[in-house]
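# Structure assessment
Here is how the chains run, residue by residue.
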Amino acid sequence: MNTHATLTYVYAVTRPTGRLAEALATLQGIGGAPVRLLLPGPPTGVAADPDAGRGAPTASGAVPAAPAFATSEVPESDFNEHALKNHFEDLEWLEHVARTHHDVVQALAAHATVLPLRMATVYQDESRARHVLTAQRHAFARRLDELDAHTEYGVKIYLTAPTTAGTRTGDGAETTRTAPAGPGKAYLHARRAQHHAREAVYEQARQAAATIEAIAARHATGRVRHAPQSGALTGPQENVLNDAYLVPDHQAEPFRNAIADAAGDFPDLRIEVTGPWAPYSFAVPAPDSPPDPQEPPP
């Protein structure tokens, strides 16, 4: 086997722009390889499409560039199907690749609209990557149009540790109950107080989620619900909501400010807004999904 063989790694779909070209001049991908744009071409055996290099006219009459793949070359020995199965068990390798993939996508997103692709999207060569890009260019173009001038923000709700010594009144003040005499009754009293306190915190979380949903209805154009995080990602606090929102850029500040203001109404919760991010949560596959990157085109 040629130890110097490479595969074509694709980070995202985007459109060529002057600002993007400047960023690509110094942008490095996995293994320090330069990141380049791969443009579509006519499908094999088909006459050149005069619209292959253009998108649909915008409201201003301008014709955007056709979608392109942001790519770099990666060693075949690390990214072939067998190697990937092994590497996905190597947390250090996985973290490095995931971080580099994310950094490239974020760098692209700072200069152009991007459609992030999943980590480790690889093709046998540029020809096969171009075949998929060309076949899917119209679907990619529609999705880029939908994501243009939008950014992803995450909203998370965490439960802080509920009090067990007393309960909160309606105005947020805490009242302490006198524990009954005897260790058995004291234990039952403590368990009951803990249960009531925890239920009160969960009720706050439900109210906070409804409030966030109402805010998003005014400022966001899309929502994706992710599973709550756990373990080392959350620490001692319980994550009960982990949503992603697609927000028009001109609504980003009002969206963040509205959630920050609402957070003050929920003293037993930590409400966190993350972002801006490239729209990972909204990069749904095209309806006519491309073939498996590792397989030759039909």
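Scope of this entry: the structure provided in the associated data block. Note that the structure is a prediction, hence the values are computed from the model and not measured. In this numbering scheme, every chain counts its residues from 1 along its sequence in written order. Per-residue local features of the predicted model are confined to residues with pLDDT of at least 70, and side-chain atom pairs are confined, for both listing and counting, to 80 or more; whole-chain, interface and lining totals are unaffected and use all residues. Derived side-chain values reflect all non-hydrogen atoms in the structure, with water molecules and hydrogen atoms excluded from consideration.

### Here's the deal with the nonpolar core
Within the largest apolar cluster, 23 residues are counted, with the highest numbers of intra-cluster contacts made by Tyr9, Tyr11, Ile30, Val35, Val74, Phe79 and Leu108. Put simply, the parts of the chain that give this core at least two residues each are strand E1 (6-14), helix H1 (18-24), strand E3 (68-75) and helix H4 (91-109). Numbered from the N terminus, helices here are DSSP runs of H or I no shorter than four residues, and strands are runs of E no shorter than two. Sort the elements by how many residues they give to this core and H4 lands first, with five residues. Not counting residues up to four positions away in its chain, the partners in contact with tyrosine 11 are Gly29, Ile30, Val35, Ala70, Thr71, Ser72, His101, Val104, Val105, Pro116 and Leu117. Residues grouped as a nonpolar core are buried Ala, Val, Leu, Ile, Met, Phe, Trp, Tyr and Cys residues, joined through side-chain atoms within 4.5 Å. Only protein chains enter the calculation, and the probe is 1.4 Å; a residue is then buried if its accessible area is under 20% of its type maximum, exposed if over 50%, and partly exposed in between. Judged by nonpolar contacts, the second largest core, of 22 residues, contains Tyr153, Ala208, Val247 and Ile259. The contact criterion used throughout is that any non-hydrogen atoms of two residues lie within 4.5 Å.

### Let's talk about the layout of surface pockets
The gaps of empty space that remain are located by a probe, the size of a water molecule, rolled over the atoms. Of the grid points, spaced at 1 Å and generated over the protein atoms alone, those admitting a 1.4 Å probe that cannot get out make up cavities, while open sets with protein on both sides within 12 Å along at least five of seven lines make up pockets; any residue with an atom within 4 Å of a point is treated as lining. Grid points are joined across faces, edges and corners, and a volume is the space filled by probe spheres set on the points. Taken as a whole, the second largest pocket encloses approximately 420 Å³ of empty space. In terms of lining, the second largest pocket is formed by 15 residues, of which the most central are Lys156, Gln229, Asn242, Thr274 and Trp277. A per-element tally of the lining of the second largest pocket places strand E6 (residues 150-159) first, with five residues. Here the residues of the lining of the second largest pocket sort into six nonpolar, six polar and three charged. Gly counts as polar in this scheme, as do all residues outside two lists: the nonpolar Ala, Val, Leu, Ile, Met, Phe, Trp, Tyr, Cys and Pro, and the charged Asp, Glu, Lys and Arg.

### A closer look at the sheet that holds E6
The rule for pairing is simple: two strands pair if DSSP sees at least two bridges between them. Pairing in this open sheet of four strands is antiparallel, and the strands run E9-E10-E6-E11 from one edge to the other. The sheet is open, and its two borders are formed by strand E9 (222-225) and strand E11 (269-277), each paired with just one other strand. Neighbour-to-neighbour, the strand axes of this sheet turn through a mean angle of 20 degrees, independent of strand direction. Of the strand pairs in this sheet, E6 and strand E10 (residues 238-248) are connected by 10 bridges, and their pairing is antiparallel. Paired with leucine 159 across the strands is glutamate 238, a residue of E10. Note on method: axes are straight lines fitted to C-alpha atoms, helices fitted across the in-contact stretch only, with angles between N-to-C directions ranging 0 to 180 degrees.

### What about helix H6 (residues 137-147)?
Within H6, burial applies to Arg137, Ala139, Phe140, Ala141, Arg143, Leu144 and Leu147. On its buried side, H6 packs onto E1, E3, strand E4 (114-116), helix H5 (126-135), E6 and E10. One or two steps after H6, the chain reaches alanine 149, where phi turns positive at roughly 60 degrees.

### Side note on the pairing of E10
Among the 11 residues in E10, nine count as buried, and that is most of the element. Of the strand pairs in this sheet, E9 and E10 are connected by four bridges, and their pairing is antiparallel. Residue pairing in the sheet places arginine 223 in a bridge with tyrosine 245 of E10.

### A look at unusual backbone geometry
With an omega of 10 degrees, the peptide bond between glycine 275 and proline 276 qualifies as cis. Within the secondary structure, proline 276 is located in strand E11. With a phi angle near 70 degrees, alanine 120 is a residue other than glycine that sits in the positive phi range. Along the chain, alanine 120 turns up in the loop between E4 and strand E5 (122-123). By relative accessible area, alanine 120 is classed as buried at 15%. Of note in this structure, alanine 149 is not a glycine but carries a positive phi near 60 degrees.

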